Amino acid sequence: MRNQGILKATNFVQELLKNKIPTGGTVIDGTMGNGNDTLFLYKQVGDSGKVYAFDLQVMALENTRRIFRENNVFIDNKPIQLILDGHENIGNYVKEAIDGAMFNLGYLPSGDKNIVTRPETTLQAIKSTLELLKKGGMMSLVLYYGHPGGIEEKNSILDYVGQLESKKYLVMECSYINHENNPPIILLIEKK
Ligand SMILES: C[S@@+](CC[C@H](N)C(=O)[O-])C[C@H]1O[C@@H](n2cnc3c(N)ncnc32)[C@H](O)[C@@H]1O
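The rules behind these values
Residues numbered from 1 in each chain as written. Predicted model: local features only at pLDDT ≥ 70, side-chain atom pairs only at ≥ 80, totals over all residues. Heavy atoms only, no water. Phe/Tyr/Trp six-rings, centres within 6.5 Å; stacked < 30°, edge-to-face > 60°. Helix = DSSP H or I, 4+ residues; strand = E, 2+ residues; numbered from the N terminus. Buried < 20%, exposed > 50% of the residue type's maximum accessible area, 1.4 Å probe, protein only. Lys NZ or Arg CZ within 6 Å of the ring centre and 35° of its normal. Arc of directions from axis to C-beta. Contact = heavy atoms within 4.5 Å. Near = heavy atom within 4 Å. Polar contact = N/O pair within 3.5 Å; in protein donor to acceptor, adjacent residues only side chain to side chain. Areas by Shrake-Rupley, 256 points an atom, 1.4 Å probe, with all protein chains shown as cover. Nonpolar A, V, L, I, M, F, W, Y, C, P; charged D, E, K, R; others polar. Pairing = 2+ DSSP bridges. Axes fitted to C-alpha atoms, helices over the stretch in contact; angles between N-to-C directions.

Q: Outline the packing of aromatic side chains, listing residues and values.
A: To describe a pair of aromatic rings, one takes the distance between the centres and the angle between the planes. Evaluated as defined, the whole model comprises 2 aromatic pairs. Arranged with centres 6.0 Å apart and planes meeting at 55 degrees, the rings of Tyr42 and Phe68 form a pair that is tilted. Here Phe68 lies in helix H3 (residues 58-70) and Tyr42 lies in helix H2 (residues 36-45), a separation of 26 residues in the sequence. Under the relative-accessibility criterion, Phe68 is labelled buried at 0%. Ring plane angle 75 degrees and centroid distance 5.6 Å describe the contact between Phe54 and Tyr93, whose orientation is recorded as edge-to-face. Of the two residues, Phe54 sits in strand S2 (residues 50-55) while Tyr93 sits in helix H4 (residues 90-93), which places them 39 residues apart along the sequence. Looking at Lys50, its charged tip hangs above the ring of Tyr52, at a distance of 4.9 Å from the centre.

Q: I'd like a description of the environment of Glu173, backed by residues and values.
A: Following the sequence through the fold, Glu173 ends up in strand S6 (residues 169-175). For Glu173, a relative accessible area of 45% gives the class partly exposed. Taking the C-alpha atoms as reference, Glu173 lies 9.0 Å from Ile189; in sequence the two are 16 residues apart.

Q: How would you explain helix H1 (residues 9-18) if you had to name every residue and give the values?
A: Restricting attention to buried positions, one finds in H1 the residues Ala9, Val13, Gln14 and Leu17. Mapping the buried residues of H1 onto a view down its axis gives an arc of 130 degrees, with all of them on the same face. Close packing links the buried residues of H1 with H2, strand S4 (98-104), strand S5 (133-143) and strand S7 (185-191).

Q: Report on the site of the ligand, specifying residues and quantitative values.
A: As a matter of local geometry, the ligand sits amid 22 residues, with Asn34, Asp55, Gln57, His87 and Glu88 nearest to it. Note that a nitrogen atom of the ligand is positioned 3.3 Å from one of the side-chain N or O atoms of Asp37. Look at the ligand: alone it shows 600 Å² of surface, and the protein chains cover 95% of it. A per-class count over the shell around the ligand returns 7 nonpolar, 12 polar and 3 charged.

Q: Report on the sheet that holds S5, specifying residues and quantitative values.
A: Reading across the sheet, the 7 strands line up as S3-S2-S1-S4-S5-S7-S6 and stay open at both edges, with mixed pairing between neighbours. The two strands at the open ends of the sheet, each matched to only one other strand, are strand S3 (80-84) and S6. Strand after strand, the sheet turns through a mean of 10 degrees between neighbouring axes, direction not considered. The pairing of strand S1 (residues 26-29) with S2 spans 4 bridges and is parallel. By the bridge assignment for S2, Thr26 is matched with Lys50. The strands touched by H1 within the sheet are S4, S5, S6 and S7, with S7 carrying the most contacts at an inclination of about 15 degrees.

This is the structure we're talking about:
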């Protein structure tokens, strides 16, 4: 069956990461939100893998627990760690090499719109994640930047990833060129 909506940002990054994340792999969801990517990542790595998911909002952890329950996955017995902390602190929790990571920046549509990702913490998270990434591993970032401060965050990320050493990383930017109102930008970083 054709995958409808594959060019939707969230579907697109999942389709790409599917090829990168093995059963038994270790992965990070840097922005848990409603848990959609956390669930996707768990389905990729399975019970022999490990998922670390971060968010600042209690609501994100609750929503993520709910989406897992609705999918008949009972987190407590699973290798899934839902962490109520900022992704800038990834290094305090993840001590092993990872196969992939996903970040969807911005705010949680159903949550507190004042809680947004911010340039300094996002850059710290990207740096920590790239250090943990295995060779051949991939990190995705979906940049939503319509909120106050969003453009500054987008620009600082593009500046940073645009200067990553090309011998070590392949960095790709995908954007929607026929949309108005700050359509998301997708960044894919593969470690060589
Ligand atoms: C666009 S939403 C993520 C959507 C999520 N991927 C999903 O599938 O529903 C962005 C999330 O980032 C969270 N966030 C903001 N700053 C953060 C930080 N420093 N560390 C971790 N999460 C953060 C927000 O609370 C929000 O839930």
